[in-house]
Amino acid sequence: MQRASAMGLALWLFAGIAMAADAPFTGAFKGTGRACSGGFYIRETTVEWISTFSICKPSRYEVLEKDSTAGRQRIAVRIESRSRQCLYEVFEAERSSTYGWNINGYQSLASYMNRALPDWRNSPLEERRSLSCPMVRLN
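This structure is a prediction, so every number in the text was calculated from the model and none was measured.

Q: If you had to explain the environment of Tyr112 to someone new, which residues and values would you point to?
A: Within the fold, Tyr112 resides in helix H2 (residues 109-113). Judged by relative accessible area, which is 0%, Tyr112 ranks as buried. Measuring from C-alpha to C-alpha, the distance between Tyr112 and Glu89 comes to 9.1 Å, with 23 residues separating the pair along the chain. Those residues within four positions of Tyr112 in sequence are excluded, and the remaining contacts are Leu64, Glu65, Arg74, Ala76, Val90, Glu92 and Tyr106.

Put into structure tokens, the structure is as follows:
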């Protein structure tokens, strides 16, 4: 009897963890400062980032990476269509241990994929520029 109860509890906990991992990542974030003033909004089907120098209107997206294990929260998405004034194709939202959240914008998928390479980071080349904004989650 105890074995059956323990097995049922384990299955229930596993199902809860699996459902949480599949749950969509959503949130509203607010940034401040010259380049980061504005908001980042990720919904179940669209993402939007309005900042001082880039206006990315709501667009459908595909999830590139998602990590919500062991208290870590991070998602990277690629938008399907850019509005005329949108500078970024890939957005990354990651919980920061120091100030809340960090939202990054990358001009292309290649820029996102190569972000850790020394030659790409802090590059003066226009196509390699990215935006990194500390933000506060509103909800």
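After that view of the structure, there is still more to cover.
Q: Could you give me a rundown of the packing of aromatic side chains, with the residues and numbers involved?
A: Throughout the structure, instances matching the rule amount to eight aromatic pairs. Centroid distance Phe29 to Trp101: 5.2 Å. Interplanar angle 65 degrees. Geometry classified as edge-to-face. Of this pair, Phe29 sits in strand S1 (residues 27-31) while Trp101 sits in strand S7 (residues 100-106), placing them 72 residues apart in sequence. Of the two residues examined, Phe29 and Trp101, each falls in the buried class. Relative to Tyr112, the ring of Tyr106 has its centre 5.4 Å away and its plane inclined at 70 degrees; by these criteria the two rings are edge-to-face. Comparing Tyr106 with Tyr112 shows no difference in burial state: the two are buried. Ring pairs connect the aromatic residues Phe25, Phe29, Phe40, Trp49, Tyr88, Phe91 and Trp101, which therefore count as one cluster. The ring of Tyr112 is capped by Arg115, whose NZ or CZ atom sits 4.0 Å from the centre of that ring. Its end group placed over the ring of Phe25, Arg137 keeps NZ or CZ at 5.3 Å from the ring centre.

Q: Please give an account of the pattern of salt bridges that cites residues and values.
A: As enumerated under the stated definition, the model contains nine salt bridges in all. With a shortest N-O distance of 3.3 Å, Glu65 and Arg74 are connected by a salt bridge. A relative accessible area of 31% means that Glu65 is categorised as partly exposed. Assessed through its relative accessible area of 6%, Arg74 is described here as buried. The partner of Arg82 in a salt bridge is Glu89, with the nearest N and O atoms 3.7 Å apart. On the accessibility criterion, Glu89 (14% relative accessible area) is buried.

Q: Lay out the state of the cysteines in plain terms, naming residues and giving numbers.
A: Counted under the stated rule, the structure contains two disulfides. Two residues share a disulfide in this structure: Cys36 and Cys133, whose sulfurs sit 2.1 Å from each other. Its S-S torsion of about -80 degrees marks the bond between Cys36 and Cys133 as left-handed, since a negative value means left-handed. Of the two residues, Cys36 sits in the loop between S1 and strand S2 (38-42) while Cys133 sits in strand S8 (residues 130-137), which places them 97 residues apart along the sequence. Assigned by exposure class, Cys36 and Cys133 land together as buried. At a sulfur-sulfur separation of 2.0 Å, the disulfide partner of Cys56 is Cys86. One disulfide, between Cys56 and Cys86, carries an S-S torsion of 85 degrees and so falls in the right-handed class. Of this pair, Cys56 sits in strand S4 (residues 55-67) while Cys86 sits in the loop between strand S5 (74-79) and strand S6 (90-96); the two residues are 30 residues apart in sequence, bridging distant segments of the chain. Cys86 carries the same exposure label as Cys56, and that label is buried. Sequence-ordered numbering of the bonded cysteines in the protein chain yields a pairing of 1-4, 2-3.

Rules used throughout
Residues numbered from 1 in each chain as written. Predicted model: local features only at pLDDT ≥ 70, side-chain atom pairs only at ≥ 80, totals over all residues. Heavy atoms only, no water. Helix = DSSP H or I, 4+ residues; strand = E, 2+ residues; numbered from the N terminus. Buried < 20%, exposed > 50% of the residue type's maximum accessible area, 1.4 Å probe, protein only. Contact = heavy atoms within 4.5 Å. Phe/Tyr/Trp six-rings, centres within 6.5 Å; stacked < 30°, edge-to-face > 60°. Lys NZ or Arg CZ within 6 Å of the ring centre and 35° of its normal. Salt bridge = Lys/Arg side-chain N within 4 Å of Asp/Glu carboxyl O. Disulfide = S-S within 2.5 Å.

Geometry only, nothing functional implied.
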